[in-house]
Amino acid sequence: MTSRLALLFLTLAMPLHGQDFYEESPVKYSKTEADTALTRIQKRIESGESLLRGESDREILQEVLDILEVPVESQVLVYSKTSAQNSHISPWTPRAIYFSDNAYIGWVQNGNIETITFDKKLGAVFHLIDLNRREKGKAPEFRRERGCLSCHASSATDGAPGILVRSVYPDSGGRPLFDWGSFDTSHHSPVTERWGGWYVTGKAGPAGHLGNQTYTHDDGRKSLTGDGPVVDLSEHLNTKPYLGGGSSDVVALMILEHQVTVHNAILSGHLATQRFLFQNEAIRKATGEPADTPLSETYRHALEHYGDKIVRALLFEGEFEFVDDGAEGSEAFQKAFAAGATTSKDGRSLRDLRLYERLFKYRCSYMIYSDSFRDLQPLLKEEVLRKLRQILTEPEEHPDFGYLSKSERKRILKILEETLPAWKELQE
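Small disclaimer: the values here were computed from a predicted structure and weren't measured.

Engineer: If you had to explain the sheet that holds strand 4 (residues 113-119) to someone new, which residues and values would you point to?
Structural biologist: Neighbouring strands of a sheet are bound in pairs by backbone hydrogen bonds; such pairs are parallel or else antiparallel. If you trace the 6 strands from one edge of the open sheet to the other, you get 1-2-3-4-5-6, paired in antiparallel fashion. The sheet terminates laterally at strand 1 (76-78) and strand 6 (141-144), the two strands that pair on one side only. Within the sheet, the average angular offset between the axes of one strand and its neighbour, ignoring direction, is 25 degrees. The pairing of strand 4 with strand 5 (residues 123-130) spans 7 bridges and is classified as antiparallel. Looking at strand 5, one finds that isoleucine 113 is bridged to isoleucine 129. Packed onto the sheet, helix 2 (residues 37-46) meets strand 4, strand 5 and strand 6 and runs at close to 145 degrees relative to strand 6.

Here it is in structure tokens:
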């Protein structure tokens, strides 16, 4: 082997998920111009459209949500200082987060708007809409925030740019007491570990959670909202600045945590697959192998690995089980969430909620309709759908998913067959 070829193999043999692997070819995350729903707003403004020129920050935030089709009812409020805008965040001025399947929006009083939107190649892209330096009558500046990756591309997101939901023990000012520990929250997390540093309205079972409280080394915990469940936070802090009023809905929080779990599995798999297919192609060309040479065993295992992670997230594998009465939240949020449903002929949907024993009636995630799943690297998407179909039709071969009953599997299959174009294509 020539020294040049040996160097190529040495370079390509680096771990698939090494540090900043997404900055390497073919993705080149930071060097590649993003095309997301947010950047398309920016281009419309640059072309002369009169957008985001409201007199108040609140008006601009509402317009951003409207254009990106993010429901105001999804509002959840977090008061821990776990953001780039920590100086504006406290238990009296929490950060508001709004989300849809395809966008995450954060806003703090007297601060800026943080956004995560999605590019077909790059996955999650972070922007700041700068309200503080906005000139009167003009749209604010949009800035791509690469500094977000210091937290948003870590082991918690499987090394790729992704989304974080954390539960911490905040002190009276919202600063996390990191020596007490913290939790990266997902749909696997027990309720007792969730929502530290978050306001929670609604009920989540009898075991209790970490929300609506602050902590001190001397006195332990202190409630910000008194005893018992909270219906509206307006009795405990000034919620007039917030588009969603005094709501930080428990069901919205649970759905956010599930959605982030799925999104991160999709995003890390999407970027890693692009990387290892690039490596595989470079090796194939260097060795003179024909174009139709199958993937090497190493890369085939990698494809199966990332496909398996996505399937497990989609099928709620390891989901925490509710006890007693389950969860009870805002009807307004549930109505807004259901409005995006894709329904089968008999009216069933992957957005149908259960809220006792588990979050959804049918444990296959609605995120299978998201833009991120639609744009998933084609070979990886095919692997995910193939395995998903096997699990639903051959349960005896997949004991890890034995929690899915025969009737539930049958209904999930029917919904997918009637509503997901990619599922129909798989069968053709």
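After presenting the structure, the write-up continues.
Engineer: I'd like a description of the pattern of salt bridges, backed by residues and values.
Structural biologist: Scanning all chains against the criterion turns up 28 salt bridges. Two residues, aspartate 371 and arginine 374, come together in a salt bridge whose shortest N-O distance is 3.3 Å. In this pair, aspartate 371 and arginine 374 both sit in helix 8 (residues 371-374), 3 residues apart, roughly one turn of the helix. What makes arginine 374 partly exposed here is its relative accessible area of 46%. Through salt bridges that share partners, Asp308, Arg312, Glu317, Lys387 and Asp400 make up one connected network.

Engineer: Before we move on, could you go through the packing of aromatic side chains and cite the residues and values that matter?
Structural biologist: In this structure the tally under the stated criterion is 17 aromatic pairs. Relative to phenylalanine 333, the ring of phenylalanine 99 lies with its centre 6.4 Å away and its plane at 45 degrees, an arrangement referred to as tilted. Of this pair, phenylalanine 99 sits in strand 2 (residues 95-100) while phenylalanine 333 sits in helix 7 (residues 331-338), placing them 234 residues apart in sequence. Taken individually, phenylalanine 99 and phenylalanine 333 each receive the classification buried, so the pair is uniform in this respect.

Engineer: Account for a positive patch on the surface, with residues named and values stated.
Structural biologist: There is a patch of like positive charges on the surface, built from Lys361, Lys406, Lys410 and Arg411. Given a relative accessible area of 63%, lysine 410 falls into the exposed group.

Engineer: I'd love a proper account of a negative patch on the surface, names of residues and values included.
Structural biologist: A cluster of acidic residues, Asp324, Asp325, Glu328 and Glu331, forms a negative patch on the protein surface. Mapped onto the secondary structure, glutamate 328 falls in the loop between helix 6 (297-314) and helix 7. Overall, the relative accessible area of 47% leaves glutamate 328 in the partly exposed class.

Engineer: I'd love a proper account of the pairing of strand 3 (residues 103-107), names of residues and values included.
Structural biologist: Of all 5 residues that make up strand 3, 5 are buried, and the element is covered over most of its length. For strand 2 and strand 3, the ladder comprises 5 bridges, and the chain directions are antiparallel. Counted as the bridge partner of phenylalanine 99 is tyrosine 104 from strand 3. Once strand 2 ends, the chain turns through 2 residues before running back antiparallel as strand 3. As judged from the 4 bridges shared by strand 3 and strand 4, these two strands associate in the antiparallel manner. Each residue of the ladder has a partner; that of isoleucine 105, found in strand 4, is threonine 115. Connecting strand 3 to the antiparallel partner strand 4 that follows it, the hairpin turn spans 5 residues, and asparagine 110 within it adopts a positive phi of roughly 60 degrees.

Engineer: Talk me through the nonpolar core; I want residue IDs and the actual numbers.
Structural biologist: Ranked by internal contacts, the top residues of the largest apolar core, which has 83 residues, are Trp195, Trp198, Met254, Ile255, Ile368 and Leu416. A total of 16 residues in this core trace back to one element, the largest contributor, which is helix 5 (residues 250-287). Contact partners of tryptophan 195, with chain neighbours within four places excluded, come to Ser167, Val200, Ala204, His209, Leu210, Gly211, Val250, Leu253, Met254 and Glu257. Ile41, Leu65, Tyr98 and Trp107 belong to the second-largest nonpolar core, a separate cluster that totals 30 residues.

Engineer: Pulling in residues and values, what's your account of helix 7?
Structural biologist: All of the buried residues along helix 7 are Phe333, Ala336 and Phe337. Along the axis of helix 7, the buried residues cluster in a sector spanning 100 degrees; they form a single face. Facing away from the buried side of helix 7, by more than 90 degrees, are the exposed residues Glu331 and Lys335. Looking at the buried positions of helix 7, the neighbouring elements they touch are strand 2, helix 5, strand 11 (353-356) and strand 12 (358-360). Two or three places before alanine 332, at the opening of helix 7, serine 330 has a side-chain oxygen 3.1 Å from that residue's backbone nitrogen.

Engineer: How would you explain the environment of lysine 387 if you had to name every residue and give the values?
Structural biologist: Here lysine 387 is to be found in helix 9 (residues 378-393). Judged by relative accessible area, lysine 387 falls into the buried class, the value being 16%. With 279 residues separating them along the chain, lysine 387 and valine 108 place their C-alpha atoms 42 Å apart. Residues in contact with lysine 387, not counting those within four places in the same chain, are Asp308 and Val311.

Engineer: Tell me about helix 3 (residues 57-68), residues and numbers included.
Structural biologist: Along an α-helix, residues three or four positions apart point the same way, because every turn accommodates 3.6 residues. Across its 12 residues, helix 3 extends 17 Å between first and last C-alpha, which sits within 8% of the 16 Å expected from 1.5 Å per residue. Three or more residues of helix 3 are buried, namely Ile60, Leu61, Val64, Leu65 and Leu68. One side of helix 3 carries all its buried residues, which in axial view fall inside an arc of 135 degrees. In this structure, the buried residues of helix 3 make contact with helix 2, strand 2, strand 3, strand 4 and strand 5. Following helix 3 by one or two positions, glutamate 69 has its phi on the positive side, about 60 degrees.

Engineer: How would you explain unusual backbone geometry if you had to name every residue and give the values?
Structural biologist: Serine 25 connects to proline 26 through a cis peptide bond whose omega is 5 degrees. Among the structural elements, proline 26 can be located in the loop between helix 1 (3-12) and helix 2. Of note, leucine 355 is a non-glycine position whose phi angle comes to about 70 degrees, a positive value. Within the secondary structure layout, leucine 355 lies in strand 11. For leucine 355, a relative accessible area of 10% gives the class buried. Positioned with a positive phi, glutamate 357 is a non-glycine residue whose angle comes to about 70 degrees. Inspection of the secondary structure assignment puts glutamate 357 in the loop between strand 11 and strand 12. The exposure class of glutamate 357 is partly exposed, given its relative accessible area of 40%.

Criteria and thresholds
For every chain, the first residue of the written sequence is number 1, and numbering continues from 1 onward in sequence order. Local features in this predicted model are restricted to residues of pLDDT 70 or higher, and side-chain atom pairs are both shown and tallied only at a pLDDT of 80 or more, whereas totals for entire chains, interfaces and linings draw on every residue. As a rule here, side-chain values cover all heavy atoms of the structure and leave hydrogens and water aside. Two strands qualify as a pair provided DSSP detects at least 2 bridges between them. Helix and strand labels come from DSSP, where a helix needs a run of H or I of at least four residues and a strand needs a run of E of at least two; each type is numbered from the N terminus. A fitted line through C-alpha atoms represents every axis, and for helices the fit uses only the stretch in contact; the resulting angles, taken between N-to-C directions, go from 0 to 180 degrees. In this analysis, two residues are considered to be in contact whenever any of their non-hydrogen atoms come within 4.5 Å of each other. For this document, the term salt bridge refers to a Lys or Arg side-chain nitrogen within 4 Å of an Asp or Glu carboxyl oxygen. Only protein chains enter the area calculation, which uses a 1.4 Å probe; residues under 20% of their type maximum are buried, those over 50% are exposed, and those in between are partly exposed. Note on aromatic pairs: the rings of Phe, Tyr and Trp (six-membered ring only in Trp) are paired at centre separations within 6.5 Å, and the planes decide the class, stacked below 30 degrees, edge-to-face beyond 60, tilted for the rest. Two joining distances apply to patches: 9 Å for like charges and 5 Å for nonpolar side chains (Val, Leu, Ile, Met, Phe, Trp, Tyr), and every residue must have over 30% relative accessible area and no salt bridge. Under the convention used here, a 1.4 Å probe and the Shrake-Rupley method define accessible areas, while residue burial counts only the protein chains that appear. Here the positive residues are Lys and Arg and the negative ones are Asp and Glu; neither His nor the chain ends is included. To locate a charge, take NZ of a lysine, CZ of an arginine, CG of an aspartate or CD of a glutamate. The criterion is simple. A nonpolar core is a set of buried Ala, Val, Leu, Ile, Met, Phe, Trp, Tyr and Cys residues joined through side-chain atoms within 4.5 Å. Note: the arc covers the axis-to-C-beta directions of the helix. As used in this structure description, the phrase polar contact means that two N or O atoms lie within 3.5 Å; if the pair is within protein, one of them must be able to donate a hydrogen and the other to accept it, and residues adjacent in sequence are counted only when both atoms belong to side chains. What a helix is expected to span follows from its residue count: subtract one and scale by 1.5 Å.

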